[in-house]
Amino acid sequence: MNGIDFFFDCSSPWTYLAFHNIQPLAQELGAKIRWRPFMVGGVFNTVNPTVYESRTNPVPAKRAYMIRSMHEWARWTGVQVNFPPKVFPVNSVKVMRGCLVMDREGKLAEFARAAFEAYWRDDRDISQDDVVRDICSSAGVDAAYLLKEISRQEVKDELRANGDQLIARGGFGSPTIFVGADMYFGNDHMPLVRAALEKSR
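Report on the accompanying structure. Along each chain, numbering runs from 1 in the same order as the chain's sequence is written. The model is predicted, so local features are restricted to residues of pLDDT at least 70 and side-chain atom pairs to those at 80 or more, both for listing and for counting; the totals for chains, interfaces and linings are taken over all residues. Here the side-chain values reflect all heavy atoms present in the structure, with hydrogen atoms and water set aside.

**Here's the deal with the environment of Thr77**
For step 1, the next point in the chain: Within the element layout of this structure, Thr77 appears in helix α4 (residues 60–77).
For step 2, the next point in the chain: Relative accessible area decides the class of each residue, using a 1.4 Å probe on protein chains only: under 20% of the type maximum gives buried, over 50% gives exposed, and in between gives partly exposed. For Thr77, a relative accessible area of 18% translates into the label buried.
For step 3, the next point in the chain: Once the C-alpha coordinates of Thr77 and His20 are considered, the two residues, 57 residues apart in sequence, prove to be 7.3 Å apart.
For step 4, the next point in the chain: Apart from residues lying up to four places away in sequence, Thr77 is in contact with Leu17, His20 and Asn21.
For step 5, the next point in the chain: Each polar contact in these results corresponds to two N or O atoms within 3.5 Å; when the atoms are within protein, one needs to be able to donate a hydrogen and the other to accept it, and residues that are neighboring in sequence are counted only if both atoms are side-chain atoms. A distance of 2.8 Å separates a polar side-chain atom of Thr77 from the backbone oxygen of Trp73. Numbering of helices and strands runs from the N terminus; a helix is a DSSP stretch of H or I covering at least four residues, while a strand is a stretch of E covering at least two. Contacts are residue-level and defined by heavy atoms, with any inter-residue pair within 4.5 Å sufficient.

**Points about the nonpolar core**
For step 1, the next point in the chain: Judged by nonpolar contacts, the single largest core of 57 residues is most densely connected at Phe6, Phe8, Ile22, Val95, Phe111, Ile135 and Val193.
For step 2, the next point in the chain: Ranked by residues supplied to this core, first place goes to helix α6 (residues 108–121) with 10 residues.
For step 3, the next point in the chain: Excluding anything up to four places from it in sequence, Val95 contacts Cys10, Phe111, Ala115, Ile126, Val132 and Ile135.
For step 4, the next point in the chain: The term nonpolar core refers to a set of buried residues drawn from Ala, Val, Leu, Ile, Met, Phe, Trp, Tyr and Cys, joined through side-chain atoms within 4.5 Å. Formed by eight residues, the second largest nonpolar core is a distinct cluster that contains Phe7, Phe38, Val40 and Leu166.

Here's what the structure looks like:
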């Protein structure tokens with residue numbers, strides 16, 4: 001069976017939903033998830049700059065529908081999503097580098113979950129060191145170790161390389177899911193991810 005490449009940035013609510021939904025699906029079908037943290041802003045700047053225009057001049061009806069859909073998906077998924085009124089978009093670089101560090105330690109899922117919850121449930125600014133420390137505490141991670149590791153150049157380079165690889169594979173945002181060479185964008189494509197995994201068994 002093909003594994004799953006899950007390219008993600010914690011700054012996206014749809015990624016928060018997909019992050020929760022992909023894990024039981026992978027477990028059910030016996031598929032391994034390869035977590036691929038990246039910075040979605042860098043990808044937007046390179047291949048998808050229209051995102052910024054849509055934020056500056058949103059279509060009111062489309063925005064209202066998007067928010068309603070997000071909350072319906074959250075109820076279906078069983079998570080709490082509150083659009084952060086204080087800081088949006090957020091600079092997620094520290095937690096995304098942290099995800100890379102924790103992947104090596106086998107604790108990425110726990111750390112990423114705590115980061116998603118801090119931002120999308122609790123409206124906390126995950127760009128701040130004190131918030132990152134609290135995320136570490138929630139995930140059972142040594143904060144001093146993580147904050148030291150995320151300053152290493154090799155971690156910075158790997159995060160950038162993940163974004164470059166996503167672009168090279170045709171991606172343009174978060175979450176992007178690959179099953180083999182097949183790409184799926186967004187939480188709402190989870191049924192197609194399931195179908196692709198079942199086909200590859």
